Amino acid sequence: MVKKYKIGILKGDGIGPEIVQAAVDVLNALEFEAEYIELHAGYEYFKKSGKAIQDGFFDAVKGLDAILKGPLYTPPHEKEFRSINVLLRRELDLYANVRPFRSYKGFSLKEFNFVIVRENTEDIYTGFEFLYRGVALALKIISYDGARRVSEFAFSYARSNGFNRVTVVHKANILRISDGLFREVFFDIAKNYPEVQADELIVDTAGYMIVKNPERLGVLVTPNLYGDILADVAAAVVGSLGLCGSAQIGRDIAVFEPVHGVALDIAGKGVANPIGELESAKLMLIHLSNKYSDRKLYEKAFVLERAIHKIVEELRILTPDLGGNSKTSDVVNSITKLIQSNNT
Ligand code: NAI
């Protein structure tokens, strides 16, 4: 019997509802058997309900197979409103944020295929900040356990996805204790994976390499802040933030969302690039395929990947962020047609 997956849907803010709906439409075209359960959180929800996150959110998440999510807005001017993203990552213990970056032929400047694995629960995102006598302090938290599990994840990801190199990104030349610990733990874990080459890059050099020689990179593992920043640099090298998706992996659940933010400048205009969200849906299919040994989902992910590349590389159905004038719906309809005609 075909398993029916229980998928939480968190539409988010800004362009979130448009692109999450696009992903659900495409998953339906792929005949992905799912029951979708809508979850509520974020700034729009807060404006309507006075709550940043629905009551019983974390109970509702129990029993879900995965969550497909749009971006959530954290307004910098409202000091009382804390990031729901950070809350979800902490409460659901989403310790590894996996962001694959693959070039598009005739579009990206070079050919490459690398992955940033960002530690997702620690570093400066724990939010310990103080103001004392005109001096602002922020705590950077790096724990042995945090560094260990993300490093283990990165090596095991490299092994199962055909990468023979994992690079730790740090600034241990300056932050000798905190980044020093992250680096040391990484090289300890590396001993368990002798077939994978382990090396290191200082974070500024990593930024340079992503732009200059992305074809030389494999899997990069980083503390939280560096991964956040480098992912946007990597997205620019791919061609647009709107093309990149991510998987946030926890022990019990995984959450899939695009790399970009809420893009308030284009929200509601019907021109958001849905591909980052579609890439996230693809990563969700692969994750579920591995978790439940459901080979069919892997095939669906592959069909989706081929359709996405065909749309960008050959058919050139491009939203404005890619220099075109297609709408979100044009991209979704074309991908849906390709899938249904089995012509990917
Ligand atoms: P952003 O990522 O929202 O947008 C940066 C630029 O890229 C804008 O010009 C935008 O129009 C464009 N862009 C982004 N996604 C696009 C898409 N799918 N199609 C076409 N163009 C796209 O910028 P920023 O400043 O990083 O984020 C804005 C807010 O979003 C932040 O203040 C934060 O609150 C939130 N955010 C949420 C994230 C999440 O939920 N995971 C991640 C990053 C930011």
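Predicted model, so just to flag it, every value in this text is computed and none were measured. (Residues numbered from 1 in each chain as written. Predicted model: local features only at pLDDT ≥ 70, side-chain atom pairs only at ≥ 80, totals over all residues. Heavy atoms only, no water.)

What the protein chain contains, in helices and strands, is eleven helices and twelve strands. Whereas a compact globule of 344 residues would reach a radius of gyration of roughly 20 Å, the protein chain reaches 20 Å, a difference of no more than 12%. Seen through its principal axes, the protein chain has C-alpha atoms that stretch 55 × 50 × 45 Å. Per element, the accessible surface of the protein chain, about 16000 Å² overall, is 52% carbon and sulfur. Placing the 42 positive and 44 negative side-chain charges of the protein chain at their respective mean positions leaves the two points 2 Å apart. (Helix = DSSP H or I, 4+ residues; strand = E, 2+ residues; numbered from the N terminus. Rg over C-alpha atoms; globule rule 2.2 N^0.38 Å. Areas by Shrake-Rupley, 256 points an atom, 1.4 Å probe, with all protein chains shown as cover. Lys, Arg positive; Asp, Glu negative; His and termini not counted. Charge placed at Lys NZ, Arg CZ, Asp CG, Glu CD.)

Moving on: the domain arrangement of the protein chain. Splitting the protein chain by domain gives domain 1 (1–94 + 248–343) and domain 2 (109–238). Between the C-alpha centres of domain 1 and domain 2 the distance comes to 25 Å. Summed over both sides, the interface between domain 1 and domain 2 buries roughly 690 Å², with carbon and sulfur atoms accounting for 47% of that surface. Sorting the residues of domain 1 by area buried against domain 2 places R89, D93 and V259 first, and these three jointly supply 49% of that buried surface. Applying the counting criterion to the domain 1 and domain 2 interface returns one salt bridge. Notably, a salt bridge pairs D93 with R149, separated by 2.7 Å at the nearest N-O pair. Counting across the interface, domain 1 meets domain 2 through three residue pairs in polar contact (both at pLDDT 80 or more). For the side of domain 1 that touches domain 2, the secondary-structure elements that each account for two or more residues are α4 (84–91) and β11 (245–249). Tallied by class, residues from the side of domain 1 that touches domain 2 come to four nonpolar, one polar and three charged. (Domains from an automatic or database assignment. Buried area = accessible area lost by both parts, 1.4 Å probe. Salt bridge = Lys/Arg side-chain N within 4 Å of Asp/Glu carboxyl O. Polar contact = N/O pair within 3.5 Å; in protein donor to acceptor, adjacent residues only side chain to side chain. Nonpolar A, V, L, I, M, F, W, Y, C, P; charged D, E, K, R; others polar.)

Let us now look at the side chain of E305. Considering the arrangement of structural elements, one finds E305 in helix α10 (residues 295–314). For E305, the side chain forms a polar contact with the side chain of K282, separated by 2.6 Å. If we skip the residues at most four places from it in the chain, E305 touches R102 and K282. (Contact = heavy atoms within 4.5 Å.)

Take the site of the ligand next. In the neighbourhood of the ligand, 20 residues make up the surrounding shell, with L72, T74, N85, G261 and A263 lying closest. Within the backbone of T74, an N or O atom sits 2.8 Å from an oxygen atom of the ligand. A distance of 2.9 Å separates a nitrogen atom of the ligand from a polar atom in the backbone of N273. For the ligand, whose unbound accessible area comes to 810 Å², protein coverage reaches 69%. The class makeup of the residues in the shell around the ligand is nine nonpolar, six polar and five charged. (Near = heavy atom within 4 Å.)

Let us now look at the nonpolar core. The biggest cluster of nonpolar side chains holds 91 residues, and the ones touching the most others in it are I7, F32, F101 and I335. Residue contributions to this core peak at eight residues, all from α10. When we break this core down by domain, the ones giving at least three residues each are domain 1 (1–94 + 248–343) and domain 2 (109–238). Excluding residues that lie within four positions of it along the chain, F32 makes contacts with Y5, I7, L27, M284, L285, L288, L297 and K300. The next biggest cluster of nonpolar side chains, apart from the first, holds 17 residues, and it includes L10, I53, I67 and L94. (Core = buried A, V, L, I, M, F, W, Y, C linked by side-chain atoms within 4.5 Å. Buried < 20%, exposed > 50% of the residue type's maximum accessible area, 1.4 Å probe, protein only.)

Here we take up helix α8 (residues 224–238). The terminal C-alpha atoms of α8, which comprises 15 residues, lie 21 Å apart, in line with the 21 Å expected from a rise of 1.5 Å per residue. N224, Y226, G227, L230, A231, A234, A235, V237 and V238 are the residues of α8 that are buried. Buried residues of α8 fall within an arc of 165° about the axis and therefore sit on the same side. Residues of α8 that are buried in the fold lie against β4 (96–102), β5 (113–119), β8 (165–170), α6 (178–190), α7 (203–212) and β10 (219–222). Just downstream of α8, G239 is the residue with a positive phi angle, here 140°. (Expected span 1.5 Å × (residues − 1). Arc of directions from axis to C-beta.)

A few words on the side chain of N213. Assignment of secondary structure puts N213 in the loop between α7 and β10. With near-sequence residues (within four places) excluded, N213 lies in contact with K110 and Y208.

Turning to the packing of α10 against helix α11 (residues 328–340), a few remarks are in order. In the contact formed by α10 and α11, the axes pass within 9 Å of each other and the chain directions differ by 130°. Considering their axes alone, α10 and α11 lie oblique with respect to each other. Judged by the sense of rotation from one axis to the other, the crossing of α10 with α11 is right-handed. Note on element contacts: α11 touches α10 through V331, S334, I335, L338 and I339, opposite V303, L304, A307, I308, K310 and I311. Its residues placed into classes, the contact of α10 with α11 shows nine nonpolar, one polar and one charged. (Axes fitted to C-alpha atoms, helices over the stretch in contact; angles between N-to-C directions. Parallel < 35°, antiparallel > 145°, perpendicular 65-115°, else oblique. Left-handed = near helix turned anticlockwise from the far one by under 90°.)

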